[in-house]
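Okay, here's what each chain looks like letter by letter:
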Amino acid sequence: MTILVTGGTGYIGAHTTVQLIEQNHEVVIIDNLSNSTIEPLRRIEAITGVMPRFYQGSVQDSQLLQQIFQRHNIEAVIHFAGAKSVGESVADPLAYYHNNIASTVTLCQTMSHFNVFNLVFSSSAAVYGNSTKVPVIESMTTQATSPYGRTKLMIEQILEDLQMTDSRWSIARLRYFNPIGAHYSGLIGEDPQGLPSNLVPYICQVALGSLDKLSVFGDDYDTPDGTGIRDFIHVADLADAHEKAIRYIANHAGLHTFNLGTGRGYSVLEMICAFEQASSKPIPYIIQPRREGDIGKSWACAKRAKSMLGWQAQHNLQQMLQDAWRWQKHNPEGYKQPLLGQPISLRMAS
Ligand code: WQD
């Protein structure tokens with residue numbers, strides 16, 4: 001299929017583009033590069049041998065979108081493009097509502113105009129808010145607790161209304177838990193701009209020596225060791241789920257919602273220990289007070305994705321952290337340092 005990937009130079013977008021190309025899809029990317037660069041495109045080519053078609057611009061630019069749909073026989077869309085920092089969204093909610101929601105409405109209007117009704121939406125476990133029940137099930141109450149999470153929830157609702165009104169739509173809403181890791185080649189990975197807010201990229205920079213120690217936000221949660229528990233999932237497993245979702249909605253009209261997690265949670269202290277084993281690097285840390293808005297524990301029930309998409313996470317924690325470290329070790333400046341020579345390590349395709 002020919003698939004439009006919005007936000008395709010981002011962390012999950014680039015990994016999903018690799019997976020789509022390896023599954024013989026043709027990929028067209030639109031990205032405004034507000035939180036990424038074009039370097040991932042060169043890395044994608046180094047991994048797959050294919051340079052995806054790329055358009056720099058905003059999904060809010062309806063003229064550009066129309067141009068893309070006129071030039072390419074787009075059959076489906078995976079919509080990653082959007083601002084995604086919880087903290088930033090609290091500081092500037094209007095920017096988040098405008099950027100994330102307006103772009104989605106423009107995208108859906110353009111898709112409908114060109115009779116394209118297959119859409120995979122990048123949602124998030126953030127829509128469950130402070131749900132204290134675990135494992136988290138798709139039918140549980142959604143109640144986002146940040147403007148970022150509310151944009152995801154509002155977009156989910158928009159898509160539900162759209163599909164109710166026009167049954168030609170076939171939509172998958174994918175709720176990611178905690179994506180970590182990197183492609184095993186070490187060529188693409190997570191490249192947060194500025195100080196990382198998420199756990200694993202922060203740990204990677206402590207391991208590099210760029211940051212001196214990790215702050216562990218709270219050790220007084222109702223968990224075995226007192227630190228927060230999350231369902232960490234390899235970004236390659238997420239990419240696989242997107243390709244399976246694209247194929248699923250091609251044959252199943254309607255609205256479908258899936259948790260994407262491993263179904264297993266690890267605490268912050270367990271992650272530190274596992275990373276030290278995976279990297280042979282010590283990770284000094286200091287216990288700090290809880291971070292505003294954090295919840296104690298969250299992990300997914302991913303049975304629906306398994307039974308309906310035939311998908312489940314394949315990578316274990318050691319692989320996730322080894323792959324995360326390989327990316328960070330070989331790219332201490334992230335994508336700032338352009339690709340030189342051959343890919344770092346390409347495991348033979350299994
Ligand atoms: C994980 C655990 C922290 C950093 C966020 C977004 C969510 C989604 C995934 C987009 C928690 C602890 C973290 C640190 C720490 N993003 N931690 N020290 O908060 O579960 O989810 O990313 O969809 O929307 O909210 O991920 O990696 O920030 O935190 O102790 O320096 O690590 O308290 O328990 P989170 P995280």
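Just so you know, these numbers come straight off a predicted model, no measurement behind them. (Residues numbered from 1 in each chain as written. Predicted model: local features only at pLDDT ≥ 70, side-chain atom pairs only at ≥ 80, totals over all residues. Heavy atoms only, no water.)

Student: Even after reading the chapter, I still don't get the overall build of the chain, so can you show me in this structure?
Tutor: For the chain, the helix and strand inventory stands at 11 helices and 14 strands. A compact globule built from 350 residues should have a C-alpha radius of gyration of about 20 Å, and the chain, at 19 Å, falls within 12% of that. For the chain, the spread of C-alpha atoms along the principal axes amounts to about 55 × 50 × 40 Å. Per-residue burial for the chain yields a buried fraction of 54% across its 350 residues. Of the accessible surface of the chain, which amounts to about 15,300 Å², a share of 49% is contributed by carbon and sulfur atoms. Positive and negative side-chain charges in the chain, numbering 27 and 31 respectively, have mean positions lying 3 Å apart. (Helix = DSSP H or I, 4+ residues; strand = E, 2+ residues; numbered from the N terminus. Rg over C-alpha atoms; globule rule 2.2 N^0.38 Å. Buried < 20%, exposed > 50% of the residue type's maximum accessible area, 1.4 Å probe, protein only. Areas by Shrake-Rupley, 256 points an atom, 1.4 Å probe, with all protein chains shown as cover. Lys, Arg positive; Asp, Glu negative; His and termini not counted. Charge placed at Lys NZ, Arg CZ, Asp CG, Glu CD.)

Student: I keep staring at the nonpolar core and nothing clicks. Help me out?
Tutor: One recurring pattern in soluble globular proteins: nonpolar side chains tend to sit buried together. In this structure, Val120, Leu174, Leu260 and Trp311 are the most contacted members of the largest nonpolar core, which totals 41 residues. Of all the elements, helix α8 (residues 235–251) adds the most residues to this core, at 7 residues. Apart from residues lying up to four places away in sequence, Trp311 is in contact with Ile233, Asp237, Asp240, Ala241, Lys244, Asn259, Leu260, Gly261, Ala302, Ala305 and Lys306. One finds Leu214, Val268, Ala274 and Leu317 within the second-largest nonpolar core, a separate group that totals 25 residues. (Core = buried A, V, L, I, M, F, W, Y, C linked by side-chain atoms within 4.5 Å. Contact = heavy atoms within 4.5 Å.)

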